[in-house]
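Now for the letters of each chain:
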Amino acid sequence: MKTTKYIFVTGGVTSSLGKGIISASLAKLLQARGYSVTIQKFDPYINVDPGTLNPYEHGECFVTEDGAETDLDLGHYERFLNVPTSQANNVTTGRIYQSVINKERKGDYLGKTVQIIPHITDEIKRRMKLLGKTGDFDVVITEIGGTIGDIESLPYIETVRQIKWELGSDALVIHLTLVPFLAASGELKTKPTQHSVKMMLENGVQPDVLVLRTEHPLNNDIKKKVALFCNVSVSSVIESIDVPTIYEVPLKMREEKLDVTVLEKLNLPLKNEPALKPWTDFLDTLKQPENEVNIALVGKYVELHDAYKSIAESLLHAGVSNKSKVNIKWIHSEPLTDDNIAQELVGMSGILVAPGFGHRGIDGKLLAVKYARENNIPFLGICLGMQCAVIEYARNVLHLKDAHSSEMSRRTPYPVIDLMEEQKEIFDMGGTMRLGSYPCGIIKGSNAFDAYQSETTNERHRHRYEFNNKFLKDFENAGMKGTGINPDTDLVEIVEIPKHKWFVGVQFHPEYKSTVLNPHPIFVGFIKAALGK
Ligand code: GLN
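Chemist: Explain the overall build of the chain to me, please; I cannot follow it from the model alone.
Modeler: Scanning the chain from terminus to terminus reveals 18 helices and 23 strands. In terms of overall dimensions, the chain is globule-like: its C-alpha atoms have a radius of gyration of 25 Å, near the 24 Å expected for 533 residues. Along the first, second and third principal axes, the C-alpha set of the chain runs to 75 × 60 × 45 Å. Across the 533 residues that make up the chain, the buried fraction comes to 57%. For the chain, contacts bridging at least 24 residues in sequence account for 73% of all contacts bridging at least 6. Accessible surface, the chain as shown: approximately 22,300 Å² in total, 50% of it carbon and sulfur.

Here it is in structure tokens:
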């Protein structure tokens with residue numbers, strides 16, 4: 001069995017420096033050299049998972065094949081590495097405490113006082129090594145959420161200290177900081193980095209590599225200064241300069257030799273030069289598109305683009321696959337009315353109605369669907385977006401007055417979207433939706449079949465409500481077809497209007513499976529239709 005090497009990525013100075021992207025970029029480079037790598041994220045908050053969080057808190061909730069509701073960084077990991085993650089790849093403080101407390105209740109600690117050290121840190125350690133123990137990975141990269149100095153992160157940093165002590169050169173710490181530019185004096189400042197490393201040292205952890213986020217290039221003197229103050233060699237001070245797209249970061253990290261430095265420190269051979277041709281081909285097309293296309297993204301969290309991270313990235317991937325740049329117009333559904341809808345959607349070549357929960361903004365979403373349907377504009381509805389397409393069709397084509405989803409209206413006379421049978425006895429909110437991958441059969445001749453070129457697929461889900469099959473016949477007679485059906489349960493997974501140019505609603509979330517190297521067929525088909533191809 002292989003000896004797994006562990007890399008920890010911590011952050012200092014401020015949040016939002018892009019630890020997730022640096023982790024994913026390093027993983028990409030190691031993978032491109034022939035190593036098998038996975039990335040996991042440890043989040044210091046007390047929610048057991050981010051499934052119950054409002055998207056305004058931490059952005060989108062990403063869903064894995066095995067149905068874990070996770071941090072959006074796992075989406076980056078998958079999009080960069082093209083390898084699925086799982087429940088084990090995202091752990092929160094809440095989950096750690098939950099297991100320790102469950103063990104305590106069972107009496108597993110045999111009368112001992114249960115403490116942060118060693119019991120919480122042991123549980124963190126066990127989970128940090130879980131994927132390494134499978135034998136599937138040469139390298140496990142662990143991103144620690146939060147910023148050094150946060151009270152919440154302390155047990156994680158302490159565990160990293162212990163693991164480094166135990167594993168020696170089989171473990172390594174990369175610390176990401178910010179080098180701010182003071183415009184008034186025209187200087188780049190290293191003091192915040194020095195302080196941040198001092199704080200790591202106070203906790204007993206000497207970072208092995210420093211990645212410095214900066215808006216301006218760092219000269220060698222700055223690197224030398226940081227090296228001197230922070231006990232690292234100059235070659236271990238890596239510049240991470242702002243770039244126009246996150247997909248360029250692996251190439252920047254390669255220029256800075258982050259992969260070489262890391263492999264040398266871990267005593268691993270460099271193997272081949274990173275094989276990045278497909279990646280650079282993707283970037284070339286991204287930078288020099290032949291066409292442009294305007295897509296409206298209609299949702300209720302659009303002020304925070306991170307709430308729709310995977311959708312935005314999937315549109316970009318699908319754009320590149322169609323050699324086109326996708327311009328997203330972010331449209332808030334709440335203020336949409338009959339009077340302003342045309343003005344908001346004019347010039348859009350495609351309309352996407354986003355997933356979501358609850359009543360807020362629903363009327364605007366229904367108006368957007370209607371506009372797309374009546375004006376023959378390519379339409380993609382995802383999860384709640386698909387449910388809106390069904391409700392709109394029920395009301396305006398089948399003339400079922402006040403048809404609705406029973407999520408929004410318990411008393412609707414026509415619950416065309418209704419609570420799934422298996423959901424009826426569930427009262428806990430966390431981790432109880434229909435989650436993860438389920439099969440879907442696709443009907444030949446549909447837009448979906450055209451996109452997938454296959455009669456079956458598997459897609460990831462996150463919902464409680466479903467198309468109400470009691471109404472399926474009526475919909476089909478009126479021109480909306482179920483073109484994707486779960487073979488085991490008969491749940492409608494895809495609806496389409498065959499008479500329309502391209503009108504597809506999907507109950508699942510295709511955005512969770514789109515990667516740089518495998519753009520999702522549904523998004524590719526949508527953009528193709530929007531381009532009028
Ligand atoms: N609120 C809807 C449901 O639970 C849709 C969920 C979603 O869009 N992810 O079924």
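Chemist: Teacher, can you tell me more about the site of the ligand here?
Modeler: In the region of the ligand, the neighbouring residues are Pro355, Gly356, Phe357, Cys383, Leu384, Gln387, Glu407, Arg462, His463, Arg464, Tyr465 and His509. At 2.7 Å, a side-chain N or O of Glu407 approaches a nitrogen atom of the ligand. The fraction of the free accessible surface of the ligand (300 Å²) that becomes covered by protein chains is 99%. Looking at the shell around the ligand, the elements that each hand over two or more residues are helix 15 (384–396) and strand 19 (456–463). Class assignment of the residues belonging to the shell around the ligand gives a composition of five nonpolar, four polar and three charged.

Chemist: In this structure, what is going on with the nonpolar core? I would like to understand it.
Modeler: Within soluble globular proteins, side chains that are nonpolar generally end up buried alongside one another. Of all hydrophobic cores here, the largest spans 43 residues; its most connected members are Ile7, Ile141, Ile174 and Leu258. In terms of residues, this core owes the most to one element, helix 1 (residues 19–32), which gives eight residues. Ignoring sequence-local partners within four residues, the contact set of Leu258 consists of Leu26, Ile174, Val209, Val211, Ile238 and Met253. Ranked by size, the runner-up nonpolar core spans 41 residues in total, among them Tyr371, Ile377, Val390 and Tyr465.

Chemist: I keep staring at the side chain of Arg373 and nothing clicks. Help me out?
Modeler: Secondary-structure assignment places Arg373 in helix 14 (residues 362–374). A polar atom in the side chain of Arg373 sits 2.7 Å from the side chain of Glu392. Apart from the residues lying within four places of it in its own chain, the contact partners of Arg373 are Glu392, Tyr393, Asn396, Val397, Ile497, His500 and Phe503.

Chemist: For this particular structure, what's the right way to read the pairing of strand 15 (residues 379–382)?
Modeler: A two-sided burial pattern is seen for strand 15, the buried positions comprising Phe379 and Gly381 on one face and Leu380 and Ile382 on the other. As defined by bridge partners, strand 14 (residues 350–353) adjoins strand 15 across three bridges and the pair is classed as parallel. For Ile351, the partnering residue across the bridge sits in strand 15 and is Phe379. Between the parallel elements strand 14 and strand 15, the chain passes through helix 14 in a crossover that is right-handed. Taken together, the four bridges between strand 15 and strand 23 (residues 503–506) define a ladder with parallel strand orientation. Bridged to Gly381 within strand 23 is Gly505.

Chemist: Would you mind going over the sheet that holds strand 20 (residues 465–467) with me for this structure?
Modeler: Hydrogen bonds between backbone atoms are what pair the strands of a sheet, whose relative direction is either parallel or antiparallel. On the basis of which strands lie adjacent, the open sheet formed by three strands has the order 16-17-20 and mixed pairing. Edge positions in the sheet fall to strand 16 (404–405) and strand 20, since each has one partner strand and no second. In this structure, strand 16 lies alongside strand 17 (residues 415–419), joined through two bridges in parallel fashion. Paired with Ser405 across the bridge in strand 17 is Ile417. Across the sheet, helix 15 lies against strand 16, strand 17 and strand 20, angled at about 145° from strand 17, the strand it touches most.

Chemist: How do you make sense of the pairing of strand 11 (residues 237–241) when you look at a structure like this?
Modeler: Every regular strand shows the same layout, with side chains that alternate between the two sheet faces. Burial of strand 11 is extensive: five of the five residues sit out of reach of the surface. Where burial is concerned, the two faces of strand 11 agree: the one with Val237, Glu239 and Ile241 and the one with Ile238 and Ser240 are both buried. Two elements, strand 10 (residues 209–214) and strand 11, share five bridges in a ladder whose sense is parallel. Bridge pairing in strand 11 links Val211 to Ile238. Handedness of the strand 10-helix 8 (residues 220–230)-strand 11 crossover: right-handed.

Chemist: I tried to follow the pattern of salt bridges on my own but got confused; where do I start?
Modeler: Where side chains of opposite charge bring their charged atoms close, a pairing between them can arise. One pass over the full model with this rule turns up 38 salt bridges. With a shortest N-O distance of 3.0 Å, Glu123 and Arg126 are connected by a salt bridge. With Glu123 and Arg126 both in helix 5 (residues 116–133) and three residues apart, this pair spans about one turn of that helix. By relative accessible area, which is 41% here, Arg126 ends up partly exposed. Salt-bridge contacts for Glu313 lead to Lys309; the nearest nitrogen and oxygen are separated by 3.8 Å.

Chemist: Explanation requested: a nonpolar patch on the surface in the structure shown.
Modeler: Together, Tyr97, Ile101, Ile116 and Ile117 make up a nonpolar patch on the protein surface, roughly 350 Å² of accessible area in all. One can find Ile117 in helix 5. Note on Ile117: relative accessible area 47%, which makes it partly exposed.

Chemist: For this particular structure, what's the right way to read unusual backbone geometry?
Modeler: Across the chain, the bulk of peptide bonds are trans and the bulk of non-glycine residues have phi less than zero. Residue Ile117 is joined to Pro118 through a cis peptide bond whose omega torsion reads 10°. You can see Pro118 is positioned in helix 5. One non-glycine residue, Asn82, lies in the positive phi region at around 65°. Take Asn82: it is sitting in the loop between helix 3 (73–81) and strand 5 (90–92).

The rules behind the values
Going along each chain's sequence as written, the residues are numbered from 1 onward. Per-residue local features are limited, in this predicted model, to residues with pLDDT of at least 70; the limit for side-chain atom pairs, both in listing and counting, is 80 or more; totals at the level of whole chains, interfaces and linings are taken over all residues. Heavy atoms throughout the structure, all of them, feed into the side-chain values; hydrogens and water do not. Going along the chain from the N terminus, every DSSP run of H or I of four or more residues is numbered as a helix, and every run of E of two or more is numbered as a strand. C-alpha atoms define the radius of gyration, and 2.2 Å times the number of residues to the power 0.38 defines the globule rule. Note on classification: 1.4 Å probe, protein chains only; a residue is buried when its accessible area is under 20% of the maximum for its type, exposed when over 50%, partly exposed between these limits. For this analysis, residues touch if any pair of their heavy atoms sits within 4.5 Å. A 1.4 Å probe and the Shrake-Rupley method give the accessible areas. Residues count as covered only by the protein chains that appear here. The near set for a molecule or strand comprises every residue that places at least one heavy atom within 4 Å of it. Whenever a nitrogen or oxygen atom comes within 3.5 Å of another N or O atom, the pair is scored as a polar contact, on the condition that within protein one atom can donate a hydrogen and the other can accept it, and that pairs from neighbouring residues in sequence are kept only if both atoms are in side chains. Note on residue classes: Ala, Val, Leu, Ile, Met, Phe, Trp, Tyr, Cys and Pro are nonpolar, Asp, Glu, Lys and Arg are charged, and everything else, Gly too, is polar. What makes a nonpolar core is a set of buried Ala, Val, Leu, Ile, Met, Phe, Trp, Tyr and Cys residues whose side-chain atoms join them at distances within 4.5 Å. Pairing between two strands requires that DSSP report at least two bridges joining them. Whether a crossover is right-handed comes down to one check: with the strands pointing away from the viewer, does the path from the first strand over the helix to the second run clockwise; if it does, it is right-handed. In this analysis, axes come from line fits to C-alpha atoms, helices being fitted only over the stretch in contact, and the angle between any two N-to-C directions falls in the range 0 to 180 degrees. Any carboxyl oxygen of Asp or Glu within 4 Å of a side-chain nitrogen of Lys or Arg constitutes a salt bridge here. Without a salt bridge and with relative accessible area above 30%, a residue can belong to a patch; like charges are then joined within 9 Å and nonpolar side chains (Val, Leu, Ile, Met, Phe, Trp, Tyr) within 5 Å.

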